[in-house]
Amino acid sequence: MSDAGATLGLMATHYFTASSLDGFIATSEHSLDWLLKQDIDLNGPMAYTEFEKGIGALAMGASTYEWVLRNNGDQPWGYVQPTWVFTHRELPVPDGADVRFARDVTAAHTEMSAAAGELDLWVVGGGELAGQFADAGLLDEVWVQYAPVTLGSGAPLLPRELDLELLDVARNRNFMCGRYRVIRPE
Ligand SMILES: NC(=O)c1ccc[n+]([C@@H]2O[C@H](COP(=O)([O-])OP(=O)(O)OC[C@H]3O[C@@H](n4cnc5c(N)ncnc54)[C@H](OP(=O)(O)O)[C@@H]3O)[C@@H](O)[C@H]2O)c1
C-alpha cells in the first residue's frame, strides 16, 4: 500500500489498539482489567464502532486470540470479518468463526486483502505482530487509545523503531486517542 492509501476506506492496514500511558497493551499476565474499567464512548471520536465498519479482515496473534476465546466464554464469536490467527500451535476454533491460521505476514496480508475487497485490514495485536507487518512494509496506520493508567510492564504496544506522522488526535472520555501514519524509509 502506498502512503496515499493510508486512510480508512482505501485498503490500508491499521494497527488499532488501546494502551497504557507507558506503552503496554496488557499486563504480563494478559489481563485487560485496567482497560475494561475505563469509560469510553464506543460511538465517539476514534472509537471502535466507526473504525470497525471499514474493516474487511483481521489479524491477531495467539495470545490475543486466546484472550478473546477466554473472555467470550459461551458467547458466539464476535467478529463478522475473517480472522487470520498467527500461531505455531493448534488452537480451537469456535462454532461459526471464520478463523484461518497463519505464520507469514506477507502471505497472510495477500490473503486478507483478497478477502477484504475494498475494505481495510485491522491488525488487532499484539505489538510484536504489528511490528512484523511494519517490518514487511505492510503497516499503514497506528491508532492508539491511551488509558490514564501506567502498568510498569506487560505486553508491548509496538516494539520497533518507527517514524510516525501524527494525523489526528481526540479525547474520548477517559482516553487520549492518536492516529498516526507509518513513515516508510525511502
Ligand atoms: N489493549 C488492547 O486494546 C489490546 C489489543 C490487542 C491485544 N491485547 C492483549 O495484548 C496481549 C498481546 O499478547 P502478546 O504480546 O503475546 O502478542 P500476540 O500477538 O497476541 O501473541 C503472540 C504470539 O502469537 C504467535 N505469533 C506471533 N507471530 C507469529 C508468527 N509470525 N508465526 C506464528 N506465530 C506467531 C506466537 O504464539 P505461539 O508460538 O505460542 O503460537 C506468539 O507468542 C494479549 O493479552 C491481548 O489480549 C490488548
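Residues numbered from 1 in each chain as written. Predicted model: local features only at pLDDT ≥ 70, side-chain atom pairs only at ≥ 80, totals over all residues. Heavy atoms only, no water.

> With reference to specific residues and values, describe the confidence of the model for the protein chain.
Confidence along the protein chain averages 94 in pLDDT terms, with 95% of residues attaining 70 or more. Across residues 1-6, confidence stays below pLDDT 50; counting only partners more than four residues off in sequence or on other chains, it has 17 contacts. (pLDDT = per-residue confidence, 0-100. Contact = heavy atoms within 4.5 Å.)

> If you had to explain the site of the ligand to someone new, which residues and values would you point to?
Close to the ligand lie 22 residues; His30, Ser63, Thr64, Thr87 and His88 are nearest. In this structure, an oxygen atom belonging to the ligand sits 2.6 Å away from a side-chain N or O atom of Thr64. Here the ligand, which alone exposes 920 Å², has 82% of that area covered by the protein. Comparing atom positions with the cavity grids shows the ligand to sit within the largest pocket. The element contributing the most residues to the shell around the ligand is helix H3 (residues 62-72), with four residues. Considering only residue class, the shell around the ligand consists of ten nonpolar, ten polar and two charged. (Near = heavy atom within 4 Å. Polar contact = N/O pair within 3.5 Å; in protein donor to acceptor, adjacent residues only side chain to side chain. Areas by Shrake-Rupley, 256 points an atom, 1.4 Å probe, with all protein chains shown as cover. 1 Å grid on protein atoms, 1.4 Å probe; cavity = no way out; pocket = protein on both sides within 12 Å on 5 of 7 lines; lining within 4 Å. Sits in = over half its atoms within 2 Å of the grid points. Helix = DSSP H or I, 4+ residues; strand = E, 2+ residues; numbered from the N terminus. Nonpolar A, V, L, I, M, F, W, Y, C, P; charged D, E, K, R; others polar.)

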